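A closer look at the structure
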Amino acid sequence: MLKQRVITAVVLLALLLPALFAVSPWPFMGLTVVLIGAGAWEWGRLNGVGSLRAWLGALLCVLSCVMALQVGWVRNTPPHLWLLAGAMWVLLGAWMIQRGVSGWALWPRTLRWLTGLVLLALAWLALAQAHQKSVNFLLSVLVLVWAADVFAYFFGRALGGRFFSIKLAPSISPGKSWEGVLGGIVGVFLVAFAWVAFDQSGASAMPSFFTLIMEKGWWVVVPALLFMSAMSVMGDLVESLVKRSAGMKDSSGLLPGHGGVLDRVDALLPTLPLAMMLVVWI
């Protein structure tokens, strides 16, 4: 298993890193639209729509991304689209977690399927637009999510259950604790301070997500980082809930040793469009 994880990680990095830093944005957009299409296929399987519709969902998601590119939304997305994405994630995510695993199955299957396709397409649009802004901006959002995840894991392992007797969401993800959530928040703030210092050193010509919100003052920075940390956790919980509803451990086996695409990007699905929402509207 460890060997599989390492090989898969090396292959992904070998593909993604050259595309990320390429002069032209096309390699990165092309590679990521394939990945988001794979995620759409996994989403269809998780929601039991059948093999044909799962493939159709992947095609619809890819075509939606291509259409957004054709109409110029990658460079200039209508601001209200980010508000829509934010509202969908906050309201839908909160509703799903409150209702639990059994509540998700009460939705009409087609509605569940189509809602996921819309959110996946919005996530790709945010990813592509963040890349267009600058590699520094995109990486700062990605590292925010990774820091929240890594710090949450280690804080949860070391302190889980010591201060809070109640688990975060035991019926959805029994391993997650409130201590882990607080550790993730600490990690996000540490990364934010370090990244702003990096930007101020002149090492990057383009500002990061952290620098852009820091310019608005502490009254914006603190709630924005708390919000992003919380939504990172929500993305993880939402995918775990859907997998439990489907009775599946992983979203697929497309990435040997790592599960599926959705298993690797679950926390990014809400945070990418929400980062764009905060930057555009604040």
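Note that the structure is a prediction, hence the values are computed from the model and not measured. Along each chain, the written sequence defines residue order, and numbers are assigned to residues from 1. Totals for whole chains, interfaces and linings use every residue, but because this is a predicted model, local features are given only for residues with pLDDT of at least 70 and side-chain atom pairs only at 80 or more, for both listing and counting. Values reported for side chains reflect all heavy atoms of the structure, with hydrogen atoms and water molecules removed beforehand.

Quick look at the overall build of the protein chain
Put simply, DSSP marks the helices as runs of H or I at least four residues long and the strands as runs of E at least two long, and each gets a number from the N terminus on. Of regular secondary structure, the protein chain possesses 11 helices and 0 strands. Mapped in sequence order, the helices and strands of the protein chain form the string α-α-α-α-α-α-α-α-α-α-α. Restricting the calculation to C-alpha atoms gives the radius of gyration, and the globule rule supplies 2.2 Å times the number of residues raised to the power 0.38. In terms of overall dimensions, the protein chain is globule-like: its C-alpha atoms have a radius of gyration of 18 Å, near the 19 Å expected for 282 residues. Across its three principal directions, the C-alpha atoms of the protein chain cover 50 × 50 × 40 Å.

Looking at the side chain of Thr115
With respect to the helices and strands, the residue Thr115 is situated in helix H5 (residues 109-133). A polar side-chain atom of Thr115 sits 2.7 Å from the main-chain carbonyl oxygen of Leu111. We call two residues in contact when some of their heavy atoms are within 4.5 Å. For Thr115, the residues in contact, after removing those within four places along its chain, are Met88, Leu92 and Trp107. Polar contact is defined as a pair of N or O atoms within 3.5 Å, subject to the rule that within protein one atom must be able to donate a hydrogen and the other to accept it, and that residues adjacent in sequence are counted only when both atoms are side-chain atoms.

Thoughts on empty space enclosed by the protein
Whether a set of points on the 1 Å grid over the protein atoms alone is a cavity depends on a 1.4 Å probe fitting there but being unable to get out, while an open set qualifies as a pocket with protein on both sides within 12 Å along at least five of seven lines; lining residues are those with an atom within 4 Å of a point. Grid points are joined across faces, edges and corners, and a volume is the space filled by probe spheres set on the points. This model, assessed by the stated rule, comprises 1 cavity of 30 Å³ or more. Roughly 170 Å³ of volume is contained in the largest cavity. What lines the largest cavity is a set of 15 residues, among which Trp43, Trp89, Leu119, Val238 and Leu269 lie closest to the centre. Mapped onto the lining of the largest cavity, the elements with two or more residues apiece are helix H4 (79-104), H5 and helix H9 (218-246). Gly falls in the polar group here, along with every residue not listed as nonpolar (Ala, Val, Leu, Ile, Met, Phe, Trp, Tyr, Cys, Pro) or charged (Asp, Glu, Lys, Arg). When its residues are assigned to classes, the lining of the largest cavity shows 10 nonpolar, 3 polar and 2 charged.

So, helix H2 (residues 26-46)
How far a helix is expected to stretch is found by multiplying one less than its residue total by 1.5 Å. If you check H2, its first and last C-alpha atoms are 30 Å apart, about what 21 residues at 1.5 Å a residue would give, namely 30 Å. In the segment just after H2, Gly48 is the residue with positive phi, at about 65 degrees.

Focus: the layout of surface pockets
Of the voids in this model, the second largest pocket is the one considered here, and its volume is about 300 Å³. Forming the boundary of the second largest pocket are 17 residues, of which Ser64, Cys65, Val118, Ala121 and Leu122 lie nearest the centre. Elements with a minimum of two residues in the lining of the second largest pocket: helix H3 (51-70), H4 and H5. Split by residue class, the lining of the second largest pocket holds 16 nonpolar, 1 polar and no charged.

Some details on the packing of aromatic side chains
Only rings of Phe, Tyr and Trp enter the pairing, Trp through its six-membered ring, and a pair is recorded when the two centres are within 6.5 Å. The plane angle decides the type: under 30 degrees is stacked, over 60 is edge-to-face, the rest tilted. Inspection of every chain in the model, using the stated rule, returns 11 aromatic pairs. Taking 5.3 Å as the distance between ring centres and 35 degrees as the angle between the ring planes, the aromatic pair formed by Trp104 and Trp107 counts as tilted. Only protein chains enter the accessibility calculation, which uses a 1.4 Å probe; a residue whose area is less than 20% of its type maximum is buried, one above 50% is exposed, and one in between is partly exposed. A residue is classified by how much of its surface remains accessible, and Trp104, at 2% relative accessible area, is buried. By the ring-pair criterion, three or more aromatic residues cluster together here, those being Trp43, Trp95, Trp104 and Trp107. A ring is scored as having a charge over it whenever the NZ atom of a lysine or the CZ atom of an arginine sits within 6 Å of its centre and within 35 degrees of its normal. The side chain of Arg53 reaches across the aromatic face of Trp113, ending 5.1 Å from its centre. For the cation-ring pair, Lys133 lies above Phe137, with the distance from its terminal atom to the ring centre recorded as 5.3 Å.

Notes on the nonpolar core
Across soluble globular proteins, nonpolar side chains have a tendency to be buried as a group. What makes a nonpolar core is a set of buried Ala, Val, Leu, Ile, Met, Phe, Trp, Tyr and Cys residues whose side-chain atoms join them at distances within 4.5 Å. One finds Trp124, Phe209, Phe210 and Leu225 to be the most contacted residues of the largest nonpolar core, which totals 80 residues. The residues contacting Phe210, other than those within four sequence positions of it, are Ser140, Leu144, Val191, Ala192, Trp195, Val196 and Leu225.

Digging into the packing of helix H6 (residues 135-159) against H9
Axis definition: a line fit to C-alpha positions, over the contact stretch in the case of helices; interaxial angles, taken between N-to-C directions, run 0 to 180 degrees. Orientation of H6 relative to H9, taken along the N-to-C sense of each, is 70 degrees, at an axis distance of 10 Å. If you check the angle between H6 and H9, you find them roughly perpendicular. When you trace H6 past H9, the crossing you get is right-handed. Residue-level contacts link Leu144, Val145, Ala148 and Asp149 of H6 to Leu225, Met228, Ser232 and Asp236 of H9. A class-by-class count of the residues in the contact of H6 with H9 yields 5 nonpolar, 1 polar and 2 charged. Here the angle decides the label: under 35 degrees means roughly parallel, over 145 means roughly antiparallel, 65 to 115 means roughly perpendicular, and every other value means oblique. Throughout, a crossing is termed right-handed when the near helix is turned clockwise from the far one, and left-handed when it is turned anticlockwise from it by less than a right angle.

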